[in-house]
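Chains, contacts and geometry: an overview
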Amino acid sequence: MPEPANRSFHPSEQRTLAGGPGLLRPRVLSGMRPTGKLHLGNYMGALANWVKLQDKYECYFFIADWHALTTDYADTSQIAANTLDVALDFLAAGLDPAKSVIFLQSKVLQHAELNLLLGMITPVGWLERVPSYKDQQKNLANKDLSNFGFLGYPVLMASDILIYQPQFVPVGNDQTAHVELTREVARRFNQFYKLDGREVLPEPQVLLTPSPQLPGTDGRKMSKSYGNTILMTDPEPEVRQKLKTMVTDPARVRRTDTGDPDKCPVGDLHKVFSPPETMAKVQQGCRSAGIGCIECKGWVADNLVRVLQPIQQRRASFSEAQVKEILEDGSSRARDRAEETMRQVRTAMRMTLSGENGK
Ligand code: SF4
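These notes cover the structure that comes with them. (Residues numbered from 1 in each chain as written. Predicted model: local features only at pLDDT ≥ 70, side-chain atom pairs only at ≥ 80, totals over all residues. Heavy atoms only, no water.)

In terms of regular secondary structure, the protein chain is built from 14 helices and 7 strands. Taken against the 2.2 N^0.38 rule, which gives 21 Å for 359 residues, the C-alpha radius of gyration of the protein chain at 23 Å falls within 12% of a compact globule. A total of 359 residues make up the protein chain; the buried ones form 50% of that total. Counting contacts in the protein chain only where the partners sit at least 6 residues apart, residues at least 24 apart contribute 75% of the total. (Helix = DSSP H or I, 4+ residues; strand = E, 2+ residues; numbered from the N terminus. Rg over C-alpha atoms; globule rule 2.2 N^0.38 Å. Buried < 20%, exposed > 50% of the residue type's maximum accessible area, 1.4 Å probe, protein only. Contact = heavy atoms within 4.5 Å.)

Dropping the structure here:
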């Protein structure tokens, strides 16, 4: 992972490491929509990195339940259950409430206030140009996405980020455009409003994190919407069964045909999950038809199960009541931090009667 760019910190941004008073610990913020149980693509693409960030950064991780409404406003029946599942998967992956603030977006009403204020200054043209605006309308043709909330979701996202004044937003390569829009919104705000001559909403930097794109069982990108996922909660027999039916190099029709792991989705899984010795056996065996696909899939299944087992054991150690308590506690800590920013924002915008304290 690249080291963050060297930059100075505003006094309000400075935090200290638990083990070393006076040391700077930059703040990071990231979130996920409550889409239900998370899959290996979510784990490798985000969660595994978040877990590593916890020891080096002051981390805020949240479940973006308001964002779920931007596309699923007509049926909200699953949001609460999905939120709990995602929270459990956060904890199962190794996010630690003693190290990170883990919270629920809708429990921090300040996000909505900042969303309203930033909505006042964001040109509609910026939102219409966001690539995912048109893409999603096409991909989710069965839903009416002509709603104001869907158009405005990048403003809500900018609010989610900026309200914590983070130095970094950890994202994969494919998500940098989202952070760029957030930076533009911050820049526009800072042009209009200042507090004692200084900028209130620092522009966060992208913290590029390694995020291998995992293939799903049908060879396309692993995604819930394609129904091709291996879930973090899938028990071993299910993992093995899913692997058995996974597509392979199309050139390898018979056992005696040679294949190419670089053209095979199972080969791609090996590259992420298997040690070099196994990878060497796959390369040699596949190209010489010395191994069969069933045997090859069995090896990758072994390695997936090895990754998933400790995650599933950790998941089983949390009760629903504990998860709710962790979210309540994290949301309370997030509210305190968000309110600190909002006081500065209200004062900078002169949205106060006294002109002081942002109250
Ligand atoms: S042997 Fe493995 S890498 Fe080669 S085609 Fe079969 S499943 Fe894919």
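Still to come is the rest of the account.
Moving on, we come to the site of the ligand. Near the ligand the following residues occur: Thr248, Asp249, Arg252, Pro261, Cys264, Val266, Val282, Cys286, Cys293 and Cys296. For the shell around the ligand, the secondary structure elements donating two or more residues are α12 (276-287) and α13 (293-316). Residues belonging to the shell around the ligand are distributed by class as follows: 7 nonpolar, 1 polar and 2 charged. (Near = heavy atom within 4 Å. Nonpolar A, V, L, I, M, F, W, Y, C, P; charged D, E, K, R; others polar.)

Counting residues in each nonpolar core, the largest one holds 53 residues, and the members touching the most others are Leu40, Tyr43, Leu47, Trp50, Phe90 and Leu243. If near-sequence neighbours (up to four positions away) are discounted, Leu243 is found in contact with Ile230, Leu269, Lys297, Val300, Ala301 and Leu304. The next biggest cluster of nonpolar side chains, apart from the first, holds 42 residues, and it includes Leu162, Val179, Phe189 and Val345. (Core = buried A, V, L, I, M, F, W, Y, C linked by side-chain atoms within 4.5 Å.)

For Ser274, the location among the structural elements is in the loop between α11 (265-273) and α12. When its relative accessible area of 12% is taken as the criterion, Ser274 is described as buried. Of the polar contacts made by the side chain of Ser274, one reaches the side chain of Asn303; its length is 2.9 Å. Each residue touching Ser274, except ones within four places of it in the same chain, is listed here: Leu269, Val300 and Asn303. (Polar contact = N/O pair within 3.5 Å; in protein donor to acceptor, adjacent residues only side chain to side chain.)

Once that is clear, we can look at the packing of helix α3 (residues 79-93) against α13. Between two packed helices, the angle of one axis relative to the other and the distance separating the axes together describe the packing. At a closest axis distance of 8 Å, the pairing of α3 and α13 adopts a crossing angle of 125 degrees. Here α13 runs oblique to α3, going by the angle between their axes. Between α3 and α13 lies a crossing of right-handed hand. Two secondary-structure elements touch here, α3 through Asp85, Leu88, Asp89, Leu91, Ala92 and Ala93 and α13 through Ile311, Arg314 and Arg315. (Axes fitted to C-alpha atoms, helices over the stretch in contact; angles between N-to-C directions. Parallel < 35°, antiparallel > 145°, perpendicular 65-115°, else oblique. Left-handed = near helix turned anticlockwise from the far one by under 90°.)

Okay, the packing of aromatic side chains next. Using the criterion set out here, one finds 10 aromatic pairs in the structure. On the basis of an interplanar angle of 80 degrees and a centroid distance of 5.5 Å, the ring pair of Trp50 and Phe90 is categorised as edge-to-face. Taken together, the residues span a long stretch of sequence, with Trp50 in helix α1 (residues 40-53) and Phe90 in helix α3 at a distance of 40 residues. For the pair Trp50 and Phe90, a shared accessibility class is recorded, and that class is buried. Taken together, the ring pairs connect Tyr60, Phe62, Phe103 and Tyr164 into an aromatic cluster. We note Arg33 situated over the ring of Tyr153; from NZ or CZ to the ring centre the distance is 5.9 Å. The positively charged end of Arg188 is found above the aromatic ring belonging to Trp126, 5.8 Å away from the centroid. (Phe/Tyr/Trp six-rings, centres within 6.5 Å; stacked < 30°, edge-to-face > 60°. Lys NZ or Arg CZ within 6 Å of the ring centre and 35° of its normal.)

Turning to the pattern of salt bridges, a few remarks are in order. A pair can form between side chains of opposite charge whenever their charged atoms are brought close. Applying the stated rule across the entire model yields 23 salt bridges. The salt bridge partner of Glu180 is Arg183, with a shortest N-O separation of 3.4 Å. Separated by 3 residues within a single helix, Glu180 and Arg183 lie in helix α9 (residues 176-192), roughly one turn from each other. Judged by relative accessible area, which is 18%, Arg183 ranks as buried. Across the pair Arg183 and Glu203 runs a salt bridge, and its minimum N-O distance is 3.4 Å. Placement of the pair is Arg183 in helix α9 and Glu203 in the loop between α9 and β7 (205-208), with a sequence separation of 20 residues. One salt-bridge network, held together by shared partners, links Asp260, Asp262, Asp268, Lys271 and Arg287. (Salt bridge = Lys/Arg side-chain N within 4 Å of Asp/Glu carboxyl O.)

This paragraph deals with the pairing of strand β4 (residues 58-63). Within β4, 6 of the 6 residues are buried, which leaves the element mostly enclosed by the surrounding structure. Side chains of β4 alternate between two faces, with Glu58, Tyr60 and Phe62 and Cys59, Phe61 and Ile63 buried alike. In the sheet, strand β3 (residues 27-32) pairs with β4 via 6 bridges, with the strands oriented parallel. Each bridged residue has a counterpart across the sheet, and for Ser30 the counterpart in β4 is Phe61. Taken together, β3, α1 and β4 constitute a β-α-β crossover, and its handedness is right-handed. (Pairing = 2+ DSSP bridges. Right-handed = clockwise from strand over helix to strand, strands pointing away.)

What follows is about the side chain of Ser30. Topologically, Ser30 is positioned in strand β3. Each residue touching Ser30, except ones within four places of it in the same chain, is listed here: Trp50, Tyr60, Phe61, Phe62 and Pro170.

Remember, this is a structural readout, not a statement about activity or role.
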